[in-house]
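What follows is the residue order along each chain.
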Amino acid sequence: RNNMPRPEFPDAHGRVAGAFVQPEIQLWDSVSLTPGLRFDYYYRKPDSAAVGPSLSESRVSPRIGAQWDATKWFSVYALYAEAFRAPSLSELYVSGTHFPGNRFIPNPNLKPEIGKNKEVGVTLKLDDAVQPGDKLRFRVSGFHTNYRDFIDLIVTATTTTPVNVTHATIWGVEFEGGYMSGNWFGTLGASIIRGDNKSTDQPLASIPGNKVALTVGYQFPEWDLVIGGRSKLVAAQNRVPTGV
């Protein structure tokens, strides 16, 4: 910033490693199963012991998904997956000014968050839907995730602090649709997401507002060129914790 190092980020370093295996098993012609396991490891250490302690942890996270292709163009799927997210260096050690009158308060003792997600959805794939050669795609899904030690960002009038929420729940509905005809294409996406701190019965602070995004474009394959535009509409998020 202004040719000077930004003071918000103290010197620190970290390591992450991950590995996963996920076979796809075809049970019948129309039913497939995708079990999986993922291993994650992280290490974080500030260069100065005065900033905070070094941290490291690892976890094995399972997942299993199933899909039923009811027809060539209509499918139903269900998924259960666990996830492990390490706190970032910024979340652990950020300090300094967030915006005028508001300062970052670091939290060097953040724990990793663990999520257990359940998701169901349907997909629709139609070729020659309106005219020969076109493609129409839709996906609608609903999800419900329980978190332990969810990492939330609490912004008050004077401070901004990453914190662990002991028990949290996030759920929502997402929609994706796309249409392509010749070189023209368009996509539409929308999401409604809600989140609660189950320990306090208050909303989570970092949940985005309702969102709709529209993209329209035209492709020039001979030039490897795409021209288009994108519009995103996001509603105000008034569902926030008391005092935030």
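Procedures and definitions
Residues numbered from 1 in each chain as written. Predicted model: local features only at pLDDT ≥ 70, side-chain atom pairs only at ≥ 80, totals over all residues. Heavy atoms only, no water. Helix = DSSP H or I, 4+ residues; strand = E, 2+ residues; numbered from the N terminus. Polar contact = N/O pair within 3.5 Å; in protein donor to acceptor, adjacent residues only side chain to side chain. Contact = heavy atoms within 4.5 Å. Phe/Tyr/Trp six-rings, centres within 6.5 Å; stacked < 30°, edge-to-face > 60°. Buried < 20%, exposed > 50% of the residue type's maximum accessible area, 1.4 Å probe, protein only. Patch = residues over 30% accessible without salt bridge, like charges linked within 9 Å, V, L, I, M, F, W, Y side chains within 5 Å. Areas by Shrake-Rupley, 256 points an atom, 1.4 Å probe, with all protein chains shown as cover. Salt bridge = Lys/Arg side-chain N within 4 Å of Asp/Glu carboxyl O. Pairing = 2+ DSSP bridges.

Peer 1: What exactly am I supposed to notice about the side chain of arginine 139 here?
Peer 2: With respect to the helices, strands and loops of the structure, arginine 139 is situated in strand E9 (residues 135-155). Among the polar contacts made by the side chain of arginine 139, one reaches the side chain of tyrosine 77 at a distance of 3.2 Å. If sequence neighbours within four positions are ignored, arginine 139 has contacts with Tyr77, Glu119, Val122, Thr123, Glu174, Phe175 and Glu176.

Peer 1: I'm lost on the packing of aromatic side chains in this one. Help?
Peer 2: Each aromatic ring pair is summarised here by two numbers: the centre-to-centre distance and the angle between the ring planes. The full count for this structure, using the stated rule, is 7 aromatic pairs. Judged by centre distance (6.1 Å) and plane angle (40°), the ring pair of tyrosine 42 and phenylalanine 84 falls under tilted. Of this pair, tyrosine 42 sits in strand E3 (residues 31-46) while phenylalanine 84 sits in strand E5 (residues 74-85); the two residues are 42 residues apart in sequence, bridging distant segments of the chain. In this structure, tyrosine 42 and phenylalanine 84 share a single accessibility class: buried. Between tyrosine 218 and phenylalanine 220, the aromatic rings sit 4.9 Å apart at their centres with planes inclined by 65°, giving edge-to-face as the arrangement.

Peer 1: What should I look at first to understand the environment of tryptophan 184 in this one?
Peer 2: Relative to the helices and strands, tryptophan 184 is located in strand E11 (residues 184-197). With 60 residues separating them in the primary sequence, tryptophan 184 and leucine 124 have C-alpha atoms 20 Å apart. Leave out the neighbours within four places in its chain, and tryptophan 184 touches Tyr179, Gly217 and Tyr218.

Peer 1: What's the story with a nonpolar patch on the surface in this structure? I'm lost.
Peer 2: A surface patch of nonpolar side chains, about 570 Å² in accessible area, is lined by Trp184, Leu188, Val212, Leu214, Val216 and Leu233. Broken down by secondary-structure element, the contributors of at least two residues to the nonpolar patch are E11 and strand E13 (211-220). If one sorts the elements of the nonpolar patch by residue count, E13 sits on top with 3 residues. Take tryptophan 184: its relative accessible area is 53%, and that puts it in the exposed class.

Peer 1: Could you clarify how one ought to interpret the pairing of strand E8 (residues 113-127) in this entry?
Peer 2: Regular strands place their side chains on alternate faces of the sheet. Examined bridge by bridge, E5 and E8 share 12 bridges and lie antiparallel to one another. Residue glutamate 82 lies in a different strand from E8, and its bridge partner there is lysine 116. Of the strand pairs in this sheet, E8 and E9 are connected by 14 bridges, and their pairing is antiparallel. Paired with valine 122 across the two strands is valine 140, which belongs to E9.

Peer 1: Please clarify how the pattern of salt bridges should be interpreted in this entry.
Peer 2: When the charged atoms of two side chains with opposite charge come close together, those side chains can pair. For the structure on display, the rule yields 8 salt bridges. In this structure, the salt-bridge partner of aspartate 127 is arginine 137, at a minimum N-O distance of 3.1 Å. Remark: arginine 137 occurs in strand E9 and aspartate 127 occurs in strand E8; sequence separation between them is 10 residues. Aspartate 127 gets classed as partly exposed once you look at its relative accessible area, which sits at 48%. For arginine 137, a relative accessible area of 30% gives the class partly exposed. Note that aspartate 196 and arginine 239 form a salt bridge whose closest N and O atoms lie 2.8 Å from each other. Of the two residues, aspartate 196 sits in strand E11 while arginine 239 sits in the segment after strand E14 (225-234), which places them 43 residues apart along the sequence. For aspartate 196, a relative accessible area of 14% gives the class buried.

Peer 1: When you look at the pairing of E13 in this model, what are you seeing that I'm missing?
Peer 2: When E11 meets E13, the two strands line up antiparallel, connected through 8 bridges. Considered in E13, the bridge of phenylalanine 185 is made with glycine 217. In the sheet, E13 pairs with E14 via 10 bridges, with the strands oriented antiparallel. Opposite valine 216, over in E14, you have glycine 229 as the bridge partner. Connecting E13 to the next strand, E14, in antiparallel fashion are 4 residues, including aspartate 224 with a positive phi near 55°.

Note that all results are geometric; they support no functional claim without further evidence.
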